[in-house]
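Notes for the structure review
Take a look at the letters that make up each chain.
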Amino acid sequence: PRLLSQFFFADERVTRVVAEINGLDAELDPQQYLVLLNQLHLSQAHLLAVLERIMEECIPTQRHSRDYLVKFPEELLVDNLGNHMLFAAECLLAGTFLEMEESDGAQLRPQARNLLCSLELVRTVLREQSLSQPNSYPEPVRTVLIQFDRLFAEFELSYVSSLVAVKSPDEIYRQQEIIVLFCETVERALQLGYLTQEMIDGYEPLLMFTIPRLAIISGLLIYPEGPLSLERSPEEMSRVFSPFYNLLKKIRDLLRVLSAEELCLLERSLCTAE
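A short tour of the structure in this document, coming up. (Residues numbered from 1 in each chain as written. Predicted model: local features only at pLDDT ≥ 70, side-chain atom pairs only at ≥ 80, totals over all residues. Heavy atoms only, no water.)

Right, let's get into the overall build of the protein chain. Across its full length, the protein chain holds 10 helices and zero strands. Here the C-alpha radius of gyration of the protein chain, 26 Å, is well above what a compact globule of 274 residues would show, namely 19 Å. Taking the principal axes of the C-alpha coordinates as reference, the protein chain spans close to 75 × 45 × 40 Å. Counting only contacts in the protein chain whose residues sit at least 6 apart along the sequence, the fraction spanning at least 24 positions is 71%. A total of about 16,100 Å² of accessible surface is found on the protein chain, and carbon and sulfur atoms cover 57% of it. (Helix = DSSP H or I, 4+ residues; strand = E, 2+ residues; numbered from the N terminus. Rg over C-alpha atoms; globule rule 2.2 N^0.38 Å. Contact = heavy atoms within 4.5 Å. Areas by Shrake-Rupley, 256 points an atom, 1.4 Å probe, with all protein chains shown as cover.)

We now examine the packing of helix 3 (residues 81-93) against helix 4 (residues 102-132). Geometrically, a packed helix pair is captured by the angle between its two axes and the distance between the axes. Following both chains from N to C, one finds helix 3 and helix 4 inclined at 115°, their axes separated by 8 Å at the closest point. Handedness of the helix 3/helix 4 crossing: left-handed. Note on element contacts: helix 4 touches helix 3 through Gly 105, Leu 108, Arg 109, Ala 112, Arg 113, Leu 115, Leu 116 and Leu 119, opposite Leu 86, Ala 89, Glu 90, Leu 92 and Leu 93. Looking at the contact of helix 3 with helix 4 residue by residue, the classes come out as nine nonpolar, one polar and three charged. (Axes fitted to C-alpha atoms, helices over the stretch in contact; angles between N-to-C directions. Left-handed = near helix turned anticlockwise from the far one by under 90°. Nonpolar A, V, L, I, M, F, W, Y, C, P; charged D, E, K, R; others polar.)

Looking now at the pattern of salt bridges. Tallied over the full model, the rule gives 13 salt bridges. Residue Glu 52 pairs with Arg 63 through a salt bridge whose shortest N-O separation is 3.1 Å. One end of the pair, Glu 52, is in helix 2 (residues 30-58); the other, Arg 63, is in the loop between helix 2 and helix 3, and 11 residues separate them in sequence. On the accessibility criterion, Glu 52 (33% relative accessible area) is partly exposed. Residue classification places Arg 63 among the buried residues on the basis of a relative accessible area of 18%. Taking the shortest distance from any N to any O, the salt bridge between Arg 150 and Glu 154 comes out at 3.4 Å. A residue pair is termed a helical-turn pair when its members lie 3 or 4 positions apart in one helix, as Arg 150 and Glu 154 do in helix 5 (residues 139-163) at four residues. What makes Arg 150 partly exposed here is its relative accessible area of 33%. In this structure Glu 154 comes out as partly exposed when scored by relative accessible area, which is 29%. (Salt bridge = Lys/Arg side-chain N within 4 Å of Asp/Glu carboxyl O. Buried < 20%, exposed > 50% of the residue type's maximum accessible area, 1.4 Å probe, protein only.)

Let's shift gears to unusual backbone geometry. The phi dihedral of Tyr 203 is positive, around 50°, even though this residue is not glycine. Along the polypeptide, Tyr 203 turns up in the loop between helix 7 (197-201) and helix 8 (207-222).

Across all of its chains, the model carries four aromatic pairs by this definition. Taking 5.7 Å as the distance between ring centres and 25° as the angle between the ring planes, the aromatic pair formed by Phe 155 and Tyr 159 counts as stacked. Of this pair, Phe 155 and Tyr 159 both sit in helix 5, four residues apart, roughly one helical turn. (Phe/Tyr/Trp six-rings, centres within 6.5 Å; stacked < 30°, edge-to-face > 60°.)

Here we come to the side chain of Arg 174. Structurally, Arg 174 can be placed in helix 6 (residues 169-192). At 3.1 Å, the side chain of Arg 174 and the backbone oxygen of Glu 236 are in polar contact. Apart from the residues within four sequence positions on either side, Arg 174 is in contact with Glu 235, Glu 236, Met 237 and Ser 238. (Polar contact = N/O pair within 3.5 Å; in protein donor to acceptor, adjacent residues only side chain to side chain.)

This part covers the nonpolar core. Within the largest apolar cluster, 45 residues are counted, with the highest numbers of intra-cluster contacts made by Leu 51, Ile 54, Leu 126, Leu 145, Phe 148, Phe 155 and Tyr 159. At the level of secondary structure, the elements contributing two or more residues to this core comprise helix 1 (3-22), helix 2, helix 3, helix 4 and helix 5. At 10 residues, helix 5 tops the list of elements feeding residues into this core. The residues touching Leu 126, leaving out its near neighbours within four places in the chain, are Leu 4, Phe 7, Leu 51, Ile 54, Val 141 and Leu 145. (Core = buried A, V, L, I, M, F, W, Y, C linked by side-chain atoms within 4.5 Å.)

A few words on helix 5. Here helix 5 contains 25 residues, and its C-alpha end-to-end distance of 37 Å stays within 8% of the 36 Å for a straight helix at 1.5 Å per residue. Those residues of helix 5 lying buried are Val 141, Val 144, Leu 145, Phe 148, Asp 149, Leu 151, Phe 152, Ala 153, Phe 155, Glu 156, Tyr 159 and Val 160. Along its buried surface, helix 5 packs onto helix 2, helix 3 and helix 4. (Expected span 1.5 Å × (residues − 1).)

Following the sequence through the fold, Ile 178 ends up in helix 6. Apart from residues lying up to four places away in sequence, Ile 178 is in contact with Pro 227, Ser 238, Val 240 and Phe 241.

Right, let's get into the packing of helix 2 against helix 4. For the pair helix 2 and helix 4, interaxial distance at closest approach is 13 Å and the crossing angle is 70°. One element, helix 2, and the other, helix 4, form an angle in the roughly perpendicular class. Of helix 4, the residues touching helix 2 (which contributes Leu 47, Leu 51 and Ile 54) are Leu 119, Val 122, Arg 123 and Leu 126. Class assignment for the residues of the contact of helix 2 with helix 4 results in six nonpolar, no polar and one charged. (Parallel < 35°, antiparallel > 145°, perpendicular 65-115°, else oblique.)

In structure tokens, the structure reads:
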């Protein structure tokens, strides 16, 4: 159950797979080479997962901030992002510039080198510690972990920023505005009886359609200064809604001519229509 013991065996597995890859002629046995590459990917992912748990146990208050993750596109926020970063660093150090311009890759190579050197130091220190005192984390261990955590975060931010357009502070704020709008929409719908708490607690599938529909009406009529404000230009709106700027104006104009009773009837129908 000791994390350092788990790290020792995870590290042994990575070392063994790397040795097998280095001793194999990929041209003579390409199928086995692919099998070993997959094993390396899985073993490195396990090693990083154990290392992450060690850092949470050893340096929980000294971890480098990961606030920058809110700037990343949602599709990048996957469980194996860390392993992808490690693979990217290895490719950069080998002179392979995946998914990016050569000039950008050349700028990132020093960071990749520092990260991989730091990881090797961490592996060495943790292996020695696991063989001597697997129940403690002395200061030298803490120091190398803090350095690795910082270098990993800095490389992750730099690498992703070179590949995709990360969100600006304005975009993050607009996204938060949408979250607030949806929360207020749900609260209002509960008060008016359009939805029930049981539907929400039970993850009723219909809510995936109902809440966005109600949020559009709320954003146009109830909270007109929020993220659906049509007083802004399309460029100032969230990218979720800006492509539909003209359509939203037409919807708003139609909603404004409805009576309170008609609006209530419309919203109730949106809660049931497919």
